[in-house]
Structures are given as structure tokens and as C-alpha cells.
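So the chains spell out like this:
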Amino acid sequence: MSVARSLTPDEIRLALPKLPGWQIIQTDDGTQKLHKEFRFKNFNTAFGFITRVALIAENLEHHPEWFNVYNIVIIDLYRHVKGDITDLDVRLAEEIEKILSD
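Residues numbered from 1 in each chain as written. Predicted model: local features only at pLDDT ≥ 70, side-chain atom pairs only at ≥ 80, totals over all residues. Heavy atoms only, no water.

Q: So what's going on with the packing of aromatic side chains? Which residues, and what values?
A: Evaluation of the coordinates by the stated rule reveals 5 aromatic pairs. Between Trp-22 and Phe-38, the ring centres sit 5.9 Å apart and the planes meet at 75 degrees, which makes this aromatic pair edge-to-face. With Trp-22 in the loop between α1 (9-15) and β1 (23-26) and Phe-38 in strand β2 (residues 32-39), this residue pair connects regions lying 16 residues apart in the sequence. Phe-38 shares its class with Trp-22; the two are buried. Between Phe-38 and Phe-40 the ring centres are 6.4 Å apart and the planes differ by 15 degrees, which places this aromatic pair in the stacked class. Residue class for Phe-38 comes out buried when judged on its relative accessible area of 4%. Members of the aromatic cluster, joined through ring pairs, are Trp-22, Phe-38, Phe-40 and Phe-49. (Phe/Tyr/Trp six-rings, centres within 6.5 Å; stacked < 30°, edge-to-face > 60°. Helix = DSSP H or I, 4+ residues; strand = E, 2+ residues; numbered from the N terminus. Buried < 20%, exposed > 50% of the residue type's maximum accessible area, 1.4 Å probe, protein only.)

Note that every value here comes from positions in space, so none of it alone points to a role or purpose.
Dropping the structure here:
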């Protein structure tokens, strides 16, 4: 099982330039999330992307929160128990970006 380490605000700021289009959002309850919206040419392409992300997430034992309608996929990465951003969130975001560059 992967053990996640909470990131400091400075560590998060340093990670963001390596994650194009990702941003930090904060919910009303104070939860911080890495957030990105993806648009694809159609549903099949979006679903293929979701499938590839799911395989990586399962391997990392770290699962995203996501939403999909037709060609749009919205992903939020955070530790659900503590409501913070961890090293595993950044790692998963990096892996997601690799999928997009294939």
C-alpha cells in the first residue's frame, strides 16, 4: 500500500509548474485539491483516457475523484481523509500528463 505524505504550500507551489493546466482549488470545508479539466474530441477518446488513468491509479493505490460528461473529464486529486494534497497526488498528476503526451 502506498503511503502518502502531505505537501507543504511551498512544495505544492514548486510542483505546479511541472503540471500544465493544473490548479489548486479549495472547497468550502477547507479541502485543497489539485484540479484540472480535460476536453477530448469525443466520448470514446475521453473514456479511453479515463481507462488509462484508472490503471495507473490502481497501481499507485491512489484514486482520483472525477466527473465525465461526453468529451469532458474533470479530475480532482487530494487525500480524502485529511483533505490535503500529497506527494501521491502530484505523482498521479505527472503520470496523467504523460498519458496526454503519448
